[in-house]
Amino acid sequence: MPVISFANAKGGAGKTTAALLLATEVAERGKSVTLFDADPQRWISTWSDLPGRPGNIQVISETTPASITEQIMDAAARSDYVIVDLEGTENLIVANTLSVSDLVVIPIQGSSMDARGGAKILNLIKKLEKIVRHDIKHCVVLTRTNAAVTTRALKAVQENLAVAGIDVLLTPIVERAAYRDLFDFGGGLRSQDTRMVSNLDKAKENAEMFAAEILERAMVSPRRRWYDIFKKVS
Ligand SMILES: Nc1ncnc2c1ncn2[C@@H]1O[C@H](COP(=O)(O)OP(=O)(O)O)[C@@H](O)[C@H]1O
Ligand SMILES: [Mg+2]
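Notes on the structure follow. (Residues numbered from 1 in each chain as written. Chains lettered and ligands numbered in written order. Predicted model: local features only at pLDDT ≥ 70, side-chain atom pairs only at ≥ 80, totals over all residues. Heavy atoms only, no water.)

**Let's talk about the overall build of the protein chain**
Check the secondary structure of the protein chain and you find nine helices and seven strands. Since a compact globule built from 234 residues should have a radius of gyration of about 17 Å, the 17 Å found for the protein chain is in line with a globular shape. Considering only C-alpha atoms, the protein chain reaches an extent of 50 × 40 × 30 Å along its principal axes. Counting over 234 residues, the protein chain shows a buried share of 53%. (Helix = DSSP H or I, 4+ residues; strand = E, 2+ residues; numbered from the N terminus. Rg over C-alpha atoms; globule rule 2.2 N^0.38 Å. Buried < 20%, exposed > 50% of the residue type's maximum accessible area, 1.4 Å probe, protein only.)

Okay, structure coming up:
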(Lines give C-alpha, C1' and ligand atoms only; values in the text may rest on other atoms or scores of the structure.)
(Ligands and ions follow the chains in the order given, each with its own letter.)
Protein backbone atom coordinates (compact mmCIF):
# COMPACT_ATOMS: atom_id res chain seq x y z
CA MET A 1 0.00 0.00 0.00
CA PRO A 2 1.12 3.65 -0.06
CA VAL A 3 4.78 4.47 0.47
CA ILE A 4 5.25 7.78 2.29
CA SER A 5 8.78 9.10 2.78
CA PHE A 6 10.06 12.02 4.85
CA ALA A 7 12.93 13.95 3.31
CA ASN A 8 14.87 17.13 3.83
CA ALA A 9 18.57 17.42 3.02
CA LYS A 10 19.03 19.26 6.28
CA GLY A 11 19.14 17.57 9.69
CA GLY A 12 16.87 18.88 12.42
CA ALA A 13 14.00 19.77 10.08
CA GLY A 14 11.59 17.50 11.94
CA LYS A 15 11.58 14.46 9.62
CA THR A 16 11.88 11.78 12.28
CA THR A 17 9.30 13.42 14.55
CA ALA A 18 6.82 13.77 11.68
CA ALA A 19 7.44 10.20 10.47
CA LEU A 20 6.86 8.78 13.95
CA LEU A 21 3.72 10.87 14.53
CA LEU A 22 2.28 9.61 11.26
CA ALA A 23 3.24 5.99 11.97
CA THR A 24 1.69 5.99 15.45
CA GLU A 25 -1.46 7.80 14.25
CA VAL A 26 -1.96 5.30 11.45
CA ALA A 27 -1.31 2.39 13.82
CA GLU A 28 -3.84 3.79 16.28
CA ARG A 29 -6.41 3.65 13.46
CA GLY A 30 -5.81 -0.10 13.32
CA LYS A 31 -3.68 -0.15 10.17
CA SER A 32 -0.42 -2.02 9.78
CA VAL A 33 2.73 0.03 9.22
CA THR A 34 6.23 -0.86 8.12
CA LEU A 35 8.46 1.94 9.36
CA PHE A 36 11.90 2.13 7.73
CA ASP A 37 14.70 3.71 9.69
CA ALA A 38 16.98 4.78 6.83
CA ASP A 39 19.00 7.20 8.93
CA PRO A 40 22.34 6.01 10.39
CA GLN A 41 21.50 8.04 13.49
CA ARG A 42 18.88 5.35 14.24
CA TRP A 43 16.35 7.47 16.14
CA ILE A 44 13.42 5.34 15.04
CA SER A 45 15.25 2.14 16.01
CA THR A 46 16.04 3.62 19.43
CA TRP A 47 12.34 4.48 19.85
CA SER A 48 11.43 0.97 18.75
CA ASP A 49 13.58 -0.53 21.52
CA LEU A 50 11.60 1.40 24.16
CA PRO A 51 8.39 -0.11 25.59
CA GLY A 52 5.05 0.77 24.04
CA ARG A 53 5.60 0.27 20.33
CA PRO A 54 2.21 -0.70 18.90
CA GLY A 55 2.24 -4.29 17.64
CA ASN A 56 1.08 -3.23 14.19
CA ILE A 57 4.22 -1.15 13.58
CA GLN A 58 7.17 -3.13 12.25
CA VAL A 59 10.48 -1.27 12.24
CA ILE A 60 13.16 -2.10 9.68
CA SER A 61 16.59 -0.75 10.59
CA GLU A 62 18.89 -2.48 8.11
CA THR A 63 18.87 -0.87 4.70
CA THR A 64 21.45 -0.45 1.95
CA PRO A 65 21.36 1.65 -1.23
CA ALA A 66 21.17 -1.55 -3.28
CA SER A 67 18.37 -3.19 -1.28
CA ILE A 68 16.10 -0.32 -0.21
CA THR A 69 13.86 -0.24 -3.32
CA GLU A 70 13.09 -3.95 -3.15
CA GLN A 71 12.64 -3.80 0.64
CA ILE A 72 10.14 -0.95 0.30
CA MET A 73 8.20 -2.67 -2.48
CA ASP A 74 8.01 -5.91 -0.51
CA ALA A 75 6.82 -4.03 2.58
CA ALA A 76 4.21 -2.20 0.47
CA ALA A 77 2.81 -5.52 -0.68
CA ARG A 78 2.26 -6.75 2.88
CA SER A 79 1.41 -3.71 5.03
CA ASP A 80 -1.26 -1.01 4.86
CA TYR A 81 1.29 1.82 4.96
CA VAL A 82 5.03 2.08 4.45
CA ILE A 83 6.71 5.07 6.09
CA VAL A 84 10.37 5.88 5.49
CA ASP A 85 12.42 8.16 7.71
CA LEU A 86 15.39 9.36 5.65
CA GLU A 87 18.77 10.78 6.55
CA GLY A 88 19.24 14.58 6.35
CA THR A 89 21.34 14.46 3.22
CA GLU A 90 21.19 13.63 -0.48
CA ASN A 91 22.47 10.12 -1.14
CA LEU A 92 21.53 6.99 -3.04
CA ILE A 93 19.20 5.69 -0.33
CA VAL A 94 17.33 9.02 -0.41
CA ALA A 95 17.12 9.07 -4.23
CA ASN A 96 16.07 5.42 -4.49
CA THR A 97 13.41 5.89 -1.81
CA LEU A 98 11.99 9.04 -3.39
CA SER A 99 11.70 7.31 -6.74
CA VAL A 100 9.42 4.58 -5.30
CA SER A 101 7.41 6.87 -2.99
CA ASP A 102 3.72 7.54 -3.54
CA LEU A 103 4.11 10.69 -1.44
CA VAL A 104 7.23 12.56 -0.33
CA VAL A 105 6.70 14.76 2.71
CA ILE A 106 9.23 17.57 3.15
CA PRO A 107 9.27 18.95 6.70
CA ILE A 108 10.56 22.51 6.90
CA GLN A 109 10.93 24.45 10.13
CA GLY A 110 8.26 27.13 10.09
CA SER A 111 10.04 29.35 12.55
CA SER A 112 13.56 29.64 11.21
CA MET A 113 12.42 29.39 7.59
CA ASP A 114 15.62 27.59 6.69
CA ALA A 115 14.16 26.04 3.60
CA ARG A 116 17.36 25.29 1.71
CA GLY A 117 17.42 21.60 2.63
CA GLY A 118 13.81 21.36 1.46
CA ALA A 119 14.65 23.10 -1.81
CA LYS A 120 17.39 20.51 -2.46
CA ILE A 121 14.84 17.72 -2.14
CA LEU A 122 12.41 19.57 -4.44
CA ASN A 123 15.20 19.77 -7.06
CA LEU A 124 16.10 16.13 -6.58
CA ILE A 125 12.44 15.17 -7.07
CA LYS A 126 12.39 17.10 -10.37
CA LYS A 127 15.45 15.21 -11.61
CA LEU A 128 14.08 11.85 -10.50
CA GLU A 129 10.73 12.51 -12.17
CA LYS A 130 12.59 12.65 -15.50
CA ILE A 131 14.29 9.33 -14.80
CA VAL A 132 11.23 7.44 -13.53
CA ARG A 133 8.99 9.23 -16.04
CA HIS A 134 6.12 9.97 -13.75
CA ASP A 135 5.29 12.68 -11.24
CA ILE A 136 6.45 12.08 -7.69
CA LYS A 137 3.76 13.54 -5.48
CA HIS A 138 5.14 15.70 -2.71
CA CYS A 139 4.13 18.25 -0.11
CA VAL A 140 5.69 20.47 2.52
CA VAL A 141 4.76 20.40 6.20
CA LEU A 142 5.90 23.29 8.35
CA THR A 143 7.30 22.06 11.66
CA ARG A 144 8.05 23.31 15.15
CA THR A 145 5.72 26.25 14.81
CA ASN A 146 4.69 28.34 17.78
CA ALA A 147 1.58 27.02 19.52
CA ALA A 148 0.59 30.36 20.98
CA VAL A 149 0.45 32.38 17.79
CA THR A 150 -0.24 31.63 14.19
CA THR A 151 2.21 34.26 13.14
CA ARG A 152 1.84 36.41 10.08
CA ALA A 153 5.30 35.14 9.13
CA LEU A 154 4.00 31.56 9.10
CA LYS A 155 1.04 32.54 6.95
CA ALA A 156 3.42 34.36 4.59
CA VAL A 157 5.64 31.26 4.32
CA GLN A 158 2.60 29.12 3.50
CA GLU A 159 1.47 31.61 0.89
CA ASN A 160 4.94 31.96 -0.69
CA LEU A 161 5.27 28.21 -1.06
CA ALA A 162 1.75 28.01 -2.47
CA VAL A 163 2.54 30.75 -4.98
CA ALA A 164 5.59 28.70 -6.05
CA GLY A 165 3.15 25.88 -6.77
CA ILE A 166 4.18 23.79 -3.78
CA ASP A 167 1.51 21.92 -1.88
CA VAL A 168 1.75 22.95 1.79
CA LEU A 169 -0.29 21.22 4.49
CA LEU A 170 -2.73 23.51 6.25
CA THR A 171 -1.74 21.88 9.53
CA PRO A 172 1.77 22.74 10.71
CA ILE A 173 3.38 20.47 13.31
CA VAL A 174 3.48 22.60 16.42
CA GLU A 175 6.44 22.67 18.84
CA ARG A 176 5.29 20.35 21.65
CA ALA A 177 7.16 18.69 24.50
CA ALA A 178 4.87 15.67 24.01
CA TYR A 179 6.49 14.99 20.63
CA ARG A 180 9.97 14.99 22.16
CA ASP A 181 8.76 12.72 24.97
CA LEU A 182 7.92 9.94 22.52
CA PHE A 183 11.65 9.43 21.90
CA ASP A 184 12.35 9.25 25.66
CA PHE A 185 9.40 7.17 26.84
CA GLY A 186 8.37 5.18 23.74
CA GLY A 187 4.91 4.41 22.35
CA GLY A 188 2.51 6.86 20.73
CA LEU A 189 0.75 9.97 22.03
CA ARG A 190 -2.18 7.88 23.24
CA SER A 191 0.03 5.83 25.53
CA GLN A 192 1.51 8.91 27.26
CA ASP A 193 0.34 9.88 30.73
CA THR A 194 -1.90 12.98 30.65
CA ARG A 195 -0.70 13.94 34.14
CA MET A 196 2.96 13.87 33.14
CA VAL A 197 2.86 15.47 29.68
CA SER A 198 1.80 19.06 29.22
CA ASN A 199 -0.81 19.87 26.57
CA LEU A 200 -1.14 16.24 25.53
CA ASP A 201 -4.67 16.78 24.19
CA LYS A 202 -3.53 19.61 21.96
CA ALA A 203 -0.59 17.53 20.74
CA LYS A 204 -2.96 14.66 19.90
CA GLU A 205 -5.33 16.96 18.04
CA ASN A 206 -2.45 18.47 16.04
CA ALA A 207 -1.02 15.03 15.18
CA GLU A 208 -4.46 13.75 14.13
CA MET A 209 -5.02 16.70 11.80
CA PHE A 210 -1.53 16.33 10.33
CA ALA A 211 -2.04 12.60 9.73
CA ALA A 212 -5.47 13.18 8.17
CA GLU A 213 -4.01 15.63 5.65
CA ILE A 214 -1.22 13.21 4.74
CA LEU A 215 -3.57 10.24 4.35
CA GLU A 216 -5.82 12.31 2.08
CA ARG A 217 -2.85 12.76 -0.25
CA ALA A 218 -1.32 9.32 0.05
CA MET A 219 -2.73 7.07 -2.57
CA VAL A 220 -0.89 4.35 -4.41
CA SER A 221 0.28 5.68 -7.76
CA PRO A 222 -1.03 3.74 -10.79
CA ARG A 223 2.50 2.66 -11.68
CA ARG A 224 3.01 1.10 -8.26
CA ARG A 225 -0.26 -0.73 -8.49
CA TRP A 226 1.06 -2.59 -11.53
CA TYR A 227 4.13 -3.58 -9.58
CA ASP A 228 1.93 -5.08 -6.84
CA ILE A 229 -0.13 -7.04 -9.38
CA PHE A 230 3.06 -8.27 -11.02
CA LYS A 231 4.44 -9.36 -7.62
CA LYS A 232 1.25 -11.29 -6.85
CA VAL A 233 1.24 -13.27 -10.09
CA SER A 234 5.00 -13.85 -10.28
N1 LIG B 1 7.18 19.54 16.70
C2 LIG B 1 8.20 19.41 17.54
N3 LIG B 1 8.07 19.73 18.86
C4 LIG B 1 9.09 19.60 19.70
N5 LIG B 1 10.31 19.19 19.36
C6 LIG B 1 10.53 18.86 18.07
C7 LIG B 1 9.50 18.95 17.09
N8 LIG B 1 10.02 18.55 15.90
C9 LIG B 1 11.29 18.24 16.12
N10 LIG B 1 11.63 18.42 17.42
C11 LIG B 1 12.94 18.20 18.04
O12 LIG B 1 13.93 18.78 17.19
C13 LIG B 1 15.03 17.90 17.01
C14 LIG B 1 15.16 17.53 15.54
O15 LIG B 1 13.97 16.90 15.11
P16 LIG B 1 13.96 15.58 14.22
O17 LIG B 1 12.55 15.15 14.07
O18 LIG B 1 14.92 14.57 14.77
O19 LIG B 1 14.52 16.17 12.84
P20 LIG B 1 15.26 15.43 11.62
O21 LIG B 1 14.81 14.01 11.61
O22 LIG B 1 14.83 16.19 10.42
O23 LIG B 1 16.74 15.55 11.87
C24 LIG B 1 14.78 16.72 17.91
O25 LIG B 1 15.42 16.94 19.13
C26 LIG B 1 13.27 16.71 18.09
O27 LIG B 1 12.88 16.16 19.33
MG1 LIG C 1 15.89 12.26 11.57
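**Topic: the environment of Glu 208**
When you line up the elements, Glu 208 lands in helix H8 (residues 200-217). When the C-alpha atoms of Glu 208 and Gln 192 are compared, they prove to be 15 Å apart, with 16 residues separating the residues in sequence. When sequence neighbours within four positions are dropped, the list of residues in contact with Glu 208 reads Glu 25, Arg 29 and Arg 190. (Contact = heavy atoms within 4.5 Å.)

**Thoughts on the side chain of Glu 25**
Its place among the elements puts Glu 25 in helix H1 (residues 15-28). Here Glu 25 falls in the buried class, since its relative accessible area comes to 2%. Filtering out sequence-adjacent residues up to four positions away, Glu 25 remains in contact with Arg 190, Lys 204, Ala 207, Glu 208 and Ala 211.

**Things to note about the nonpolar core**
The biggest cluster of nonpolar side chains holds 38 residues, and the ones touching the most others in it are Ile 4, Phe 6, Leu 22, Leu 35, Phe 210 and Ile 214. Take this core: its biggest share by element is eight residues, from H1. Setting aside its immediate chain neighbours within four residues, Phe 6 contacts Lys 15, Ala 18, Ala 19, Leu 22, Ile 83, Val 84, Asp 85, Leu 86, Val 105, Pro 107 and Phe 210. Listed in part, the 37 residues of the second largest apolar core include Phe 36, Ile 93, Ile 108 and Val 157. (Core = buried A, V, L, I, M, F, W, Y, C linked by side-chain atoms within 4.5 Å.)

**Points about the packing of H1 against H8**
In the contact formed by H1 and H8, the axes pass within 9 Å of each other and the chain directions differ by 85°. Between H1 and H8, the angle falls in the class roughly perpendicular. Seen from H1, the contacting residues are Ala 18, Leu 21, Leu 22, Glu 25 and Val 26; seen from H8, they are Lys 204, Ala 207, Glu 208, Phe 210, Ala 211, Ile 214 and Leu 215. Residue classes in the contact of H1 with H8 are distributed as nine nonpolar, no polar and three charged. (Axes fitted to C-alpha atoms, helices over the stretch in contact; angles between N-to-C directions. Parallel < 35°, antiparallel > 145°, perpendicular 65-115°, else oblique. Nonpolar A, V, L, I, M, F, W, Y, C, P; charged D, E, K, R; others polar.)

**Quick notes on the site of ligand 1**
Among the 14 residues in the neighbourhood of ligand 1, the closest are listed as Gly 12, Lys 15, Thr 16, Thr 17 and Val 174. Measuring from an oxygen atom of ligand 1, one finds a side-chain N or O atom of Lys 15 at 2.8 Å. Of all the elements in the fold, those that place two or more residues in the shell around ligand 1 are H1, strand S7 (173-174) and helix H7 (177-185). A total of three residues in the shell around ligand 1 trace back to one element, the largest contributor, which is H1. (Near = heavy atom within 4 Å. Polar contact = N/O pair within 3.5 Å; in protein donor to acceptor, adjacent residues only side chain to side chain.)

**Things to note about the environment of Pro 65**
Its place among the elements puts Pro 65 in the loop between strand S3 (57-60) and helix H3 (68-78). For Pro 65, a relative accessible area of 37% puts it in the partly exposed group. Sequence separation between Pro 65 and Leu 170 is 105 residues; the distance between their C-alpha atoms is 33 Å. If we ignore the near neighbours within four places in the chain, the residues touching Pro 65 are Leu 92, Ile 93 and Asn 96.

**A closer look at the side chain of Arg 176**
As for its placement among the helices and strands, Arg 176 is situated in the loop between S7 and H7. Despite its burial, Arg 176 remains without a salt bridge, the nearest opposite charge being carried by Glu 205 at 7.8 Å. Contacts of Arg 176, omitting those with residues within four sequence positions, involve Ala 147, Asn 199, Lys 202 and Ala 203. (Lys, Arg positive; Asp, Glu negative; His and termini not counted. Salt bridge = Lys/Arg side-chain N within 4 Å of Asp/Glu carboxyl O.)

**Section: the sheet that holds strand S6 (residues 138-145)**
Within the open sheet, the seven strands sit side by side as S3-S2-S4-S1-S5-S6-S7. Their pairing is parallel. Two strands lie at the open edges of the sheet, namely S3 and S7, each paired on one side alone. Two strands pair when backbone bridges link them, and strand S2 (residues 33-38) and strand S4 (residues 81-86) are joined in this way by six bridges, in the parallel orientation. In the strand pairing of S4, Leu 35 is matched with Ile 83. (Pairing = 2+ DSSP bridges.)

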